[in-house]
Amino acid sequence: RGGQKPGFGEVCKAVSEAWKQVPPEERAPYEQKAASAKAEAAAAAASADPQQAAARAPKAPKEPKPGKGGGKGRGGKGKGAVAMAAGAASGLTRAEFLRNGPKLRCNLSLEGASAEEQGKALQSFALAPRVFKSGTTGWFQMAEMRVPVDGQEIVVKAQLNVLVSGSKHWQDGEGD
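Residues numbered from 1 in each chain as written. Predicted model: local features only at pLDDT ≥ 70, side-chain atom pairs only at ≥ 80, totals over all residues. Heavy atoms only, no water.

Core analysis: the largest hydrophobic core is formed by seven residues, namely Phe97, Cys106, Phe125, Leu127, Trp139, Ala143 and Trp170. For this core, the secondary structure elements donating two or more residues are strand E2 (123–131) and strand E3 (137–149). Ignoring sequence-local partners within four residues, the contact set of Leu127 consists of Pro102, Lys103, Leu104, Cys106, Trp139, Phe140, Gln141, Leu160 and Val162. (Core = buried A, V, L, I, M, F, W, Y, C linked by side-chain atoms within 4.5 Å. Buried < 20%, exposed > 50% of the residue type's maximum accessible area, 1.4 Å probe, protein only. Helix = DSSP H or I, 4+ residues; strand = E, 2+ residues; numbered from the N terminus. Contact = heavy atoms within 4.5 Å.)

Next up, the structure:
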């Protein structure tokens, strides 16, 4: 390829061809290891939590979307059109949302903890209405908290965005 490094596909093809040239008796121990690892993985998946197994299962390939481009919500058709119609139909402006939108409260707590620990939030924070750079309205807040892991407390940062569907298409309104 004119002095360029080979691409991923070219390397894979070369490795595959080289592997086929290795005598079967030399390949056998590696193929046995691969077969046993595959069997162990299948056994572990069968005995695992069904939700975890479902999360690890390969997802079906997505259907290609009609139209040009691959941008999300672009082109005025599909899910974005529903959100746009819902937002435009609300009659609300960004200024009205900022002025009258309620604050939301978010409590983060440990799942599966004792009843006493579940009632106690690791962090509780209020989310104020805002307009994002994209023009979409919603609520936003960042928080830092300590989470117990294996007898130690680690510091984590949480960021929560709550977006109003279709609000990108709202008018700015008075006082913006």
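Picking up where we left off.
Counted at 1.5 Å a residue, the expected span for helix H2 (residues 24–47) with its 24 residues is 34 Å, and the 34 Å between its end C-alpha atoms agrees. In H2, a bend of some 25° at Tyr30 exceeds every other bend along the element. (Expected span 1.5 Å × (residues − 1). Bend = angle between axes of the 7 residues up to and from the residue.)

The next subject is the sheet that holds strand E1 (residues 104–108). Taking strand neighbours across the sheet as the criterion, the four strands line up as E1-E2-E3-E4 in an open arrangement whose pairing is antiparallel. Two strands lie at the open edges of the sheet, namely E1 and strand E4 (152–163), each paired on one side alone. Adjacent strand axes in the sheet meet at a mean angle of 25°, parallel and antiparallel pairs treated alike. Inspection of the sheet shows E1 paired to E2 by five bridges, in the antiparallel sense. Bridge assignment links Leu104 to a residue of E2, and that residue is Leu127. (Pairing = 2+ DSSP bridges. Axes fitted to C-alpha atoms, helices over the stretch in contact; angles between N-to-C directions.)

Tracing the backbone through its elements, the reader meets Thr137 in strand E3. In this view, Thr137 contacts Arg94, Phe97, Arg130, Val131, Phe132, Val162, Leu163, Val164, Ser167 and Trp170; residues no more than four positions away in its chain are not counted.

Looking at the element boundaries, Gly135 is found in the loop between E2 and E3. Judged by its relative accessible area of 13%, Gly135 is buried. In this structure Gly135 touches Arg94, Ser167 and Lys168, once residues within four positions along its chain are discounted.

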